[in-house]
Amino acid sequence: MVLYTTPFPNSCLSALHAVSWALIFPCYWLVDRLVASFIPTTYEKRQRADDPCCLQLFCTVLFTPVYLALLVAALPFAFLGFIFWSPLQSARRPYSYSRLEDKSPAGGAALLSEWKGTGGGKSFCFASANVCLLPDSLARLNNVFNTQARAKEIGQRIRNGAARPQIKIYIDSPTNTSISAASFSSLVSPQGSDGARAVPGSIKRTASVEYKGDGGRHPNDEAANGPASGDPADGSLEDSCIVRIGSDEGGRPPEADDPATGSQARNGAGGPPKGQTPNHNQRDGDSGSLGSPSASRESLVKARAGQDVGGSGEPGVNSKLLYKTSVVKKAAARRRRHPDEAFDHEVSAFFPANLDFLCLQEVFDKRAAAKLKEQLHGYFEYILYDVGVYGCHGCCNFKCLNSGLFFASRYPVMDVAYHCYPNGCSFDALASKGALFLKVQVGSTPQDQRIVGYIACTHLHAPPEDSAVRCEQLDLLQDWLADFRKSTSSSSTANPEELVVFDIICGDLNFDNCSSDDKLEQQHSLFTRYKDPCRLGPGEEKPWAIGTLLDINGLYDEDVCTPDNLQKVLESEEGRREYLAFPTSKSPGAGQKGRKDLLKGNGRRIDYMLHAEEGLCPDWKAEVEEFSFITQLSGLTDHLPVAMRLMVSAGEEEA
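Residues numbered from 1 in each chain as written. Predicted model: local features only at pLDDT ≥ 70, side-chain atom pairs only at ≥ 80, totals over all residues. Heavy atoms only, no water.

Identification of the protein chain as sphingomyelin phosphodiesterase from Microtus ochrogaster is taken from an unreviewed UniProt entry. Comment text from UniProt for the protein chain, heading Sequence similarities (unreviewed entry), reads "Belongs to the neutral sphingomyelinase family." (UniProt positions renumbered as here; feature names shortened; annotations may be inferred.)

In structure tokens:
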């Protein structure tokens, strides 16, 4: 299948579309700014409360007549542009494909060595997030603003979080036998590779750094420390570093000597500085922003350890090495809470290291999508954006916005299909919400059989009262996925040219597994064909699963305005009840703030990662290795991203 890099089949139509949109854009921008000026966020309200002169209110009153006058002047041009723009949409392709051509170190994308399907298996990491990149006036309804700046910051945070080295932490203790993966945490790790080093609070590294997945070779110090976000990408990015930490107090190392200092250094001052947007309040090297060239390493190591404090040649403790108080707590929290749980799970301040596939929703704004694409190309080689249809093309209602779906991959995309849900209603009918289906090649066997996987990304109908609409969309999703697999498969029993090793569905499904209003969706047949790692059954979550929808009124509170702060809050039941949106109930007076005793579960989990256990290659199996809820986009969206790591291995080798 040919993947189209431009939305129109020829340059003439592309030029005509560019001219028509240039005529429409001034009117679109003025309407957006005019409406946005009358929808303040809670952050802006607090700024106004601190400003006795009410400068922002004065500017709104002053510039409103100017916006109105310019809008009236722009309307005739917008109408003319719309006359040309609307019929052009019937010829528009439903997505734009971008591949990074510059694979040099300056290009930034991580290079992957081809997997041959041999050895002990391979892990693949998936992440999904609703990033709320709508036009600014609409984004403010979710209490977020400055869409263009948020898009750039979101891309930077995802890229730098995923470019970290993957590290596994083993706690040597008779009472704590858990395995902690720093790829799903912000755990601090001293630099250097020589023997044991003492660190504050009796936490010490008692063994040399071990690597797996590289044939037993011993990498140099640079590989052991992991690449910085701006360093040349090479094969070392695929390695996993194992660090063993000893404990003198029953498996729970004591906290750092000065937790307040460490927390302040990580998070900056308590709240956003006055006059600065909350989306950019992190300091250089903060776990959220990670904007410096060495940010991905600084997120794990705040200062070099092992240098002599007094200038002697013996290994010592760097007095400037700062540890967060949550480091120790996280190691204990990552213990598998149930003996039968087959994988690790946690609330993480970072996107997982070595992230392979990223599915985003609500990337509706075209300019924001371009900024996001530019940032993510520093890590992902293949990107699909501007997915969806406009106008009346193929749908009953007129579509003003695309689907908002956005996909990024480190592996080649082989086939793509998009379908628009035809049953959208209410305000959701203005967007071409649908499903994006992808087939990716992740390797090949020594016999030249392709090793492939399927990924479906979707965003369902939003209004909570329309359960029947969402169920119909889930039916369509299953049918479309079956058709896509059938039409793109080149294998047969007699000629197995491909090995399918995973089948994933992810996205914002706009229903949870606890609300009484969502019982129809909870019992849908989709959950019999695909497994939800967070779910025990209809209406029953696993105890560690938490909600992914934040209470928008608290987005800018000091307690949750940074990734680390939000992570700590969500690790406690009281924090989740305060800052997560909770399942709805038909019981009178069961509101979140008024009757907390009626709240069920740990919040509304509406962002899903599902995987199939059937329909894969018979000789292979895919098992969940890790699952996380991510706080790295705090202050930038009203959803928590989710991530899942699958381990794919041949059944014969496992036996």
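There is more to say after this.
## With respect to a nonpolar patch on the surface
A grouping of Leu16, Phe79, Leu80, Ile83 and Phe84 is seen on the molecular surface, where their side chains present a nonpolar patch of about 480 Å² in accessible area. No other element matches the four residues that helix 3 (residues 55-88) contributes to the nonpolar patch. With respect to the secondary-structure elements, Leu16 resides in helix 1 (residues 11-36). (Patch = residues over 30% accessible without salt bridge, like charges linked within 9 Å, V, L, I, M, F, W, Y side chains within 5 Å. Areas by Shrake-Rupley, 256 points an atom, 1.4 Å probe, with all protein chains shown as cover. Salt bridge = Lys/Arg side-chain N within 4 Å of Asp/Glu carboxyl O. Helix = DSSP H or I, 4+ residues; strand = E, 2+ residues; numbered from the N terminus.)

## Topic: the sheet that holds strand 14 (residues 434-444)
With respect to topology, six strands assemble into an open sheet ordered 13-14-15-16-20-17, the strand pairing being mixed. Strand pairing shows two members of the sheet lacking a second neighbour, strand 13 (413-420) and strand 17 (530-531), which therefore form its edges. Bridge analysis of strand 14 against strand 15 (residues 450-459) gives nine bridges, and the strand direction is antiparallel. Bridge pairing in strand 15 places Lys439 opposite Tyr454. Those strands touched by helix 11 (residues 467-488) are strand 13, strand 14, strand 15, strand 16 (498-508) and strand 17, and its axis lies near 35 degrees from that of strand 14. (Pairing = 2+ DSSP bridges. Contact = heavy atoms within 4.5 Å. Axes fitted to C-alpha atoms, helices over the stretch in contact; angles between N-to-C directions.)

## What to know about the UniProt feature "transmembrane region" (unreviewed entry) in the protein chain
When the UniProt feature table is mapped to this numbering, "transmembrane region" (unreviewed entry) covers residues 12-31 and 66-85. Taken end to end, residues 12-31 has its terminal C-alpha atoms 29 Å apart, with 100% of it in helix and 0% in strand. The distance from the first to the last C-alpha atom of residues 66-85 is 27 Å, and the span holds 100% helix and 0% strand.

## Focus on the layout of surface pockets
As a volume, the largest pocket reaches approximately 1,500 Å³. Forming the walls of the largest pocket are 47 residues, and the residues nearest its centre are Leu134, Pro135, Leu138, Phe364 and Leu401. Going through the elements one at a time, helix 1, helix 3, helix 4 (136-139) and helix 10 (366-376) are the ones with two or more residues in the lining of the largest pocket. At seven residues, helix 1 tops the list of elements feeding residues into the lining of the largest pocket. Across the lining of the largest pocket, the residue classes tally to 29 nonpolar, eight polar and 10 charged. (1 Å grid on protein atoms, 1.4 Å probe; cavity = no way out; pocket = protein on both sides within 12 Å on 5 of 7 lines; lining within 4 Å. Points joined across faces, edges and corners; volume = space filled by probe spheres on them. Nonpolar A, V, L, I, M, F, W, Y, C, P; charged D, E, K, R; others polar.)

## A word on the sheet that holds strand 10 (residues 357-363)
One open sheet accounts for eight strands, arranged 1-11-12-10-2-22-21-9; its pairing is mixed. What marks the edges here is a single partner per strand, and that holds for strand 1 (96-99) and strand 9 (344-348). Geometrically, the sheet is characterised by an average inter-axis angle of 15 degrees between neighbouring strands, direction not taken into account.

## Thoughts on the nonpolar core
The nonpolar side chains of a soluble globular protein tend to be buried with one another. Membership of the largest hydrophobic core comes to 94 residues, with the highest contact counts inside it found for Phe357, Val442 and Phe502. Element by element, the count of residues in this core is highest for strand 16, at seven residues. Not counting the four nearest positions on each side in its chain, Val442 is found in contact with Trp115, Phe124, Phe357, Tyr411, Ile451, Val452, Val501 and Phe502. In terms of nonpolar packing, the next biggest core, distinct from the first, is built from 29 residues, Val131, Leu133, Leu358 and Val363 among them. (Core = buried A, V, L, I, M, F, W, Y, C linked by side-chain atoms within 4.5 Å. Buried < 20%, exposed > 50% of the residue type's maximum accessible area, 1.4 Å probe, protein only.)

## Let's talk about the environment of Asp564
Along the polypeptide, Asp564 turns up in helix 14 (residues 563-570). A sequence separation of 68 residues divides Asp564 from Gln632, and the C-alpha atoms of the two residues are 8.0 Å apart.

## Thoughts on a negative patch on the surface
A cluster of acidic side chains, namely Glu472, Asp475, Asp479 and Asp483, defines a negative patch on the protein surface. Structurally, Asp475 can be placed in helix 11. For Asp475, a relative accessible area of 38% puts it in the partly exposed group. (Lys, Arg positive; Asp, Glu negative; His and termini not counted. Charge placed at Lys NZ, Arg CZ, Asp CG, Glu CD.)

## Here's the deal with the pairing of strand 14
Among the 11 residues that make up strand 14, 10 are buried, leaving the element largely enclosed by the rest of the structure. Two strands pair when backbone bridges link them, and strand 13 and strand 14 are joined in this way by seven bridges, in the antiparallel orientation. Looking across to strand 14, one finds that Ala417 is bridged to Phe437. Here strand 14 hands over to strand 15 after five residues, with Asp448 in that stretch at a positive phi of 65 degrees.

## Focus on the confidence of the model for the protein chain
On average, residues of the protein chain carry a pLDDT of 76, and 66% of them reach 70 or more. Strand 6 (residues 204-205) is the least confidently modelled element of the protein chain, averaging 30 in pLDDT, while strand 10 averages 98, the highest of any element. Below a pLDDT of 50 lies the segment residues 247-277, which in the model reaches 67 contacts outside its immediate sequence neighbourhood of four places, other chains included. pLDDT under 50 marks residues 587-597. Its contacts with residues more than four places away, or in other chains, come to 17 contacts. (pLDDT = per-residue confidence, 0-100.)

## Things to note about the packing of aromatic side chains
One pass over the structure, following the stated rule, counts 31 aromatic pairs. By the ring-pair criterion, three or more aromatic residues cluster together here, those being Trp115, Phe124, Phe126, Phe357, Phe407, Tyr411, Phe502 and Trp620. We note Arg93 situated over the ring of Tyr4; from NZ or CZ to the ring centre the distance is 3.7 Å. For Arg535, the ring lying beneath its charged end belongs to Phe527, and the centroid distance is 4.1 Å. (Phe/Tyr/Trp six-rings, centres within 6.5 Å; stacked < 30°, edge-to-face > 60°. Lys NZ or Arg CZ within 6 Å of the ring centre and 35° of its normal.)

## Topic: the pattern of salt bridges
Enumeration over the complete set of coordinates arrives at 22 salt bridges. Residue Arg46 is joined to Asp557 by a salt bridge in which the shortest nitrogen-to-oxygen separation is 2.6 Å. Taken together, the positions of Arg46 in helix 2 (residues 42-50) and Asp557 in the loop between strand 19 (540-541) and helix 14 put the pair 511 residues apart, joining distant regions of the chain. Among the residues examined, Arg46 registers a relative accessible area of 34% and is labelled partly exposed. The closest approach of N and O atoms between Glu626 and Arg645, which form a salt bridge, is 3.0 Å. Taken together, the positions of Glu626 in strand 21 (residues 620-630) and Arg645 in strand 22 (residues 642-650) put the pair 19 residues apart, joining distant regions of the chain.

## Quick notes on the environment of Asp559
Turning to its location among the elements, Asp559 is positioned in the loop between strand 19 and helix 14. Using a relative accessible area of 44% as the deciding quantity, one classes Asp559 as partly exposed. Distance in space between the C-alpha atoms of Asp559 and Tyr579 is 9.5 Å, their sequence separation being 20 residues. Not counting residues up to four positions away in its chain, the partners in contact with Asp559 are Asn565, Leu566, Val569 and Tyr579.

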